[in-house]
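Below are the chains, spelled out letter by letter.
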Protein chains: 2
Amino acid sequence: MAAPHDYAETPRTKLHRIPARGSYDRATVHAILDEALVCHLAFVHDGAPVVLPTTFVRDGEALYVHGAVASRMLKVLASGAPVAVNVTLVDGLVLARTAFHHSMNYRSVVVLGAATLVTDPAEKRRALGRLVDKLSPRRSPGLREPNDAELGATAVLTVPLVEVSAKVRAGMPKAEGDVDDAAHPVWAGIVPLHVEAGPFEPESADAARHPLPVLPALATRPTPASR
Amino acid sequence: MAAPHDYAETPRTKLHRIPARGSYDRATVHAILDEALVCHLAFVHDGAPVVLPTTFVRDGEALYVHGAVASRMLKVLASGAPVAVNVTLVDGLVLARTAFHHSMNYRSVVVLGAATLVTDPAEKRRALGRLVDKLSPRRSPGLREPNDAELGATAVLTVPLVEVSAKVRAGMPKAEGDVDDAAHPVWAGIVPLHVEAGPFEPESADAARHPLPVLPALATRPTPASR
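Given the structure is predicted, the values throughout are model-derived calculations rather than measurements.

1. Focus on the overall build of chain A
Now for step 1: Scanning chain A from terminus to terminus reveals five helices and 13 strands.
Now for step 2: Reported as C-alpha extents along the three principal axes, the dimensions of chain A are approximately 70 × 50 × 35 Å.
Now for step 3: The long-range fraction of contacts in chain A, counting pairs at least 24 apart against all pairs at least 6 apart in sequence, stands at 72%.

2. Describing helix H1 (residues 26-35) of chain B
Now for step 1: For H1 of chain B, the full list of buried residues reads Val29, Ile32 and Leu33 of chain B. Along the axis of H1 of chain B, the buried residues cluster in a sector spanning 95°; they form a single face.

3. Brief notes about the interface of chain A and chain B
Now for step 1: Taken together, the contacts link 76 residues of chain A with 76 residues of chain B.
Now for step 2: Among the secondary structure elements, those contributing two or more residues to the side of chain A that touches chain B are strand E2 (38-45), strand E3 (48-55), strand E6 (82-95), strand E7 (103-114), helix H3 (121-135), strand E11 (189-197), strand E12 (201-202) and helix H5 (205-208) of chain A.
Now for step 3: A total of nine residues in the side of chain A that touches chain B trace back to one element, the largest contributor, which is E11 of chain A.
Now for step 4: Among the residues making up the side of chain A that touches chain B, the classes are represented as 46 nonpolar, 18 polar and 12 charged.

4. Let's talk about the sheet that holds strand E9 (residues 154-160) of chain B
All names here are of chain B.
Now for step 1: Taken in spatial order, the four strands make up an open sheet running E4-E5-E9-E8, and their pairing is antiparallel. The open sheet terminates on both sides in strands that have one partner only, identified here as strand E4 (57-59) and strand E8 (116-117).
Now for step 2: Here seven bridges tie strand E5 (residues 62-68) to E9, and the two strands are oriented antiparallel to one another. Residue pairing in the sheet places Leu63 in a bridge with Val159 of E9.

5. Things to note about the sheet that holds strand E4 (residues 57-59) of chain A
Residues and elements named next belong to chain A.
Now for step 1: The sheet built from four strands is open, its strands ordered E4-E5-E9-E8 with antiparallel pairing. Single-partner strands in this sheet number two, and they are E4 and strand E8 (116-117).
Now for step 2: Where E8 and strand E9 (residues 154-160) come together, two bridges link them in antiparallel fashion. Looking at E9, one finds that Thr116 is bridged to Thr158.

6. Observations regarding the relation of the copies chain A and chain B
Now for step 1: Between chain A and chain B, which share one sequence, the superposing operator has a rotation angle of 180° and an axial displacement of 0.0 Å; the RMSD is 0.0 Å. Overall, the copies show the geometry of a two-fold rotation axis. Proximity to the rotation axis, assessed at the C-alpha, singles out Val195 of chain A in chain A; its C-alpha lies 2.3 Å from the axis.
Now for step 2: The fraction of interface residues of chain A whose copies in chain B are also interface residues reaches 100%, indicating that both copies meet through the same surface.

7. Some remarks on the pairing of E5 of chain B
Looking down a regular strand, the side chains alternate between one sheet face and the other.
Residue and element names in this part refer to chain B.
Now for step 1: As paired strands, E4 and E5 are joined by three bridges and run antiparallel to one another. Residue pairing in the sheet places Arg58 in a bridge with Leu63 of E5.
Now for step 2: The turn linking E4 back onto E5 is made up of two residues, and Gly60 within it adopts a positive phi angle of 65°.

8. Here we look at the domain arrangement of chain A
Residues and elements named next belong to chain A.
Now for step 1: Each assigned domain of chain A is listed with its residue range as follows: domain 1 (19-173 + 186-193) and domain 2 (196-227).
Now for step 2: On a C-alpha basis, the centres of domain 1 and domain 2 stand 24 Å from each other.
Now for step 3: Counting residues at the interface gives nine residues for domain 1 and five residues for domain 2.
Now for step 4: Breaking the side of domain 1 that touches domain 2 down by element, the ones donating at least two residues are helix H1 (26-35) and H3.

9. Re the environment of Val87 of chain A
Now for step 1: For Val87 of chain A, the position within the fold is in strand E6.
Now for step 2: Ignoring anything within four residues of it in the chain, the contact list for Val87 of chain A reads Ile32, Leu33, Ala36, Cys39, Ser108 and Val109 of chain A.

10. Structural notes on unusual backbone geometry
Now for step 1: Looking along the chain, the bond that leaves Gly198 of chain A and enters Pro199 of chain A is cis, with omega of -5°.
Now for step 2: Positionally, Pro199 of chain A belongs in the loop between E11 and E12.
Now for step 3: One non-glycine residue, Asp46 of chain A, adopts positive backbone phi at about 55°.
Now for step 4: On the secondary structure map, Asp46 of chain A appears in the loop between E2 and E3.
Now for step 5: Non-glycine residue Arg138 of chain B carries a positive phi angle of around 65°.
Now for step 6: With respect to the helices and strands, the residue Arg138 of chain B is situated in the loop between helix H3 (121-135) and helix H4 (148-153).

11. Some details on H3 of chain B
Now for step 1: A rise of 1.5 Å per residue sets the reference length of H3 of chain B, with its 15 residues, at 21 Å; its end C-alpha atoms lie 22 Å apart and thus fit the reference within 8%.
Now for step 2: Every buried residue belonging to H3 of chain B is among Lys124, Ala127, Leu128, Leu131, Val132, Lys134 and Leu135 of chain B, and all of these are buried. Viewed along the axis of H3 of chain B, the buried residues span an arc of 160°, placing them on a single side of the element.
Now for step 3: Next to the buried residues of H3 of chain B lie E6 of chain A together with strand E3 (48-55), E4, E5, H4 and E9 of chain B.

12. Notes on the confidence of the model for chain A
For any part of a model where pLDDT is low, the fine detail of the predicted coordinates should not be relied upon.
Residue and element names in this part refer to chain A.
Now for step 1: Overall, the predicted model of chain A reaches an average pLDDT of 91, with 94% of residues at or above 70.
Now for step 2: The secondary structure element of chain A with the lowest average pLDDT is strand E13 (residues 221-222), at 49, and the one with the highest is E4, at 98.
Now for step 3: Contacts for the low-pLDDT stretch residues 219-227, under 50 throughout, to residues beyond four places or in other chains number 20 contacts.
Now for step 4: Overall fold confidence (pTM) sits at 0.93, and the ipTM for the predicted complex is 0.92.

13. Here's the deal with the environment of Glu123 of chain A
Now for step 1: Position of Glu123 of chain A relative to the elements: it lies in helix H3.
Now for step 2: Measuring from C-alpha to C-alpha, the distance between Glu123 of chain A and Ala62 of chain A comes to 12 Å, with 61 residues separating the pair along the chain.

What counts and how
- Residues numbered from 1 in each chain as written.
- Chains lettered and ligands numbered in written order.
- Predicted model: local features only at pLDDT ≥ 70, side-chain atom pairs only at ≥ 80, totals over all residues.
- Helix = DSSP H or I, 4+ residues; strand = E, 2+ residues; numbered from the N terminus.
- Contact = placed C-beta atoms within 7 Å.
- Buried ≥ 20, exposed ≤ 12 C-beta atoms within 10 Å, placed from the backbone.
- Arc of directions from axis to C-beta.
- Nonpolar A, V, L, I, M, F, W, Y, C, P; charged D, E, K, R; others polar.
- Pairing = 2+ DSSP bridges.
- Least-squares fit on C-alpha atoms with pLDDT ≥ 70 in both.
- Domains from an automatic or database assignment.
- Expected span 1.5 Å × (residues − 1).
- pLDDT = per-residue confidence, 0-100.

Written out as structure tokens, the structure reads:
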């Protein structure tokens, strides 16, 4: 039985490959979802898999994505078709002395379920505002709000966080007992990767006079030029 | 009729949403595939979509991925099931003055087809070497090569680059004729994002004495600490 702070493991989210890297911890899952800017959303269309990258945001225990009303994604998903969502943050290169032990450090979440079309106007506006605020925190209140034509052309879908798991690899290459420095004199270890933002490029001289936007959590390291 | 340097458009790769962002240009596709470290690979299992992140490499007109022989991905894909692969590089935040015109700059490739198990030992070894060299160019010759047990536990799959398209968004927010600076005095423009590597973390004092690894093309900006 899962603790209240964990998602329940299901046959479909049970990790078979290297289960020690798995987690059903809600805080771990939320942190990965909140840091990532893009998810990969998969569904089945005419018997074949489709996978699309798209922006998304978490609000409580739901994911929201948006798209054009006329899009294929919307038509398939709003019919209640099963969906799989993957969110992956690449944290580093893992360089070993054997080819076999090379790896990457990453944090990843899978969400399985079905999407629902958001029809409540207040929920739809809130989700669209949160999608903007994910790109730049606290940005949406200063903007011109979506008008009726824009709202009508935009569909918002939500997927509940019910069938969810995380997978995380961190740290050094796995111990390579049979390889020593004399036989393979190469550098080994990890090379962290992170996302850097900037320099800011304003669209106009007018725009440039206003305070710079707040950067999202993943991009907390501005480049020297934008400091 | 597609030019020889283009992939042929098919009903499944024809872009319906904002076709101006689409491309079938081989050089554009190759550049995106060669810069990205991770792809998202989707297939259908028991009628439901599955999407997994995995490292990959391009060699000529084929993608290669690898995994444990015992993995579900391998079992499904080696049977010839249809596969969809998406590779996405996030290039920047696009911040407008209207919520509706927010976007992201990105470069993305979709590959559709079926995977084949690589059974030729020479091709398998070459693909595994290229997977390592993608993480750090020219690294594989200095390593301890995969032994028979490691080769036996690892499966390599290949997907040909036949049904392929790219989609790219670049540049400033779309013109917002109805919004002016006085009404919405907020910063607008683009915030480029890029991947930064470092500082290097050697696994041991021995490892630290050897020359630093070459960084992959996506991570050409070392952090100040690793310069």
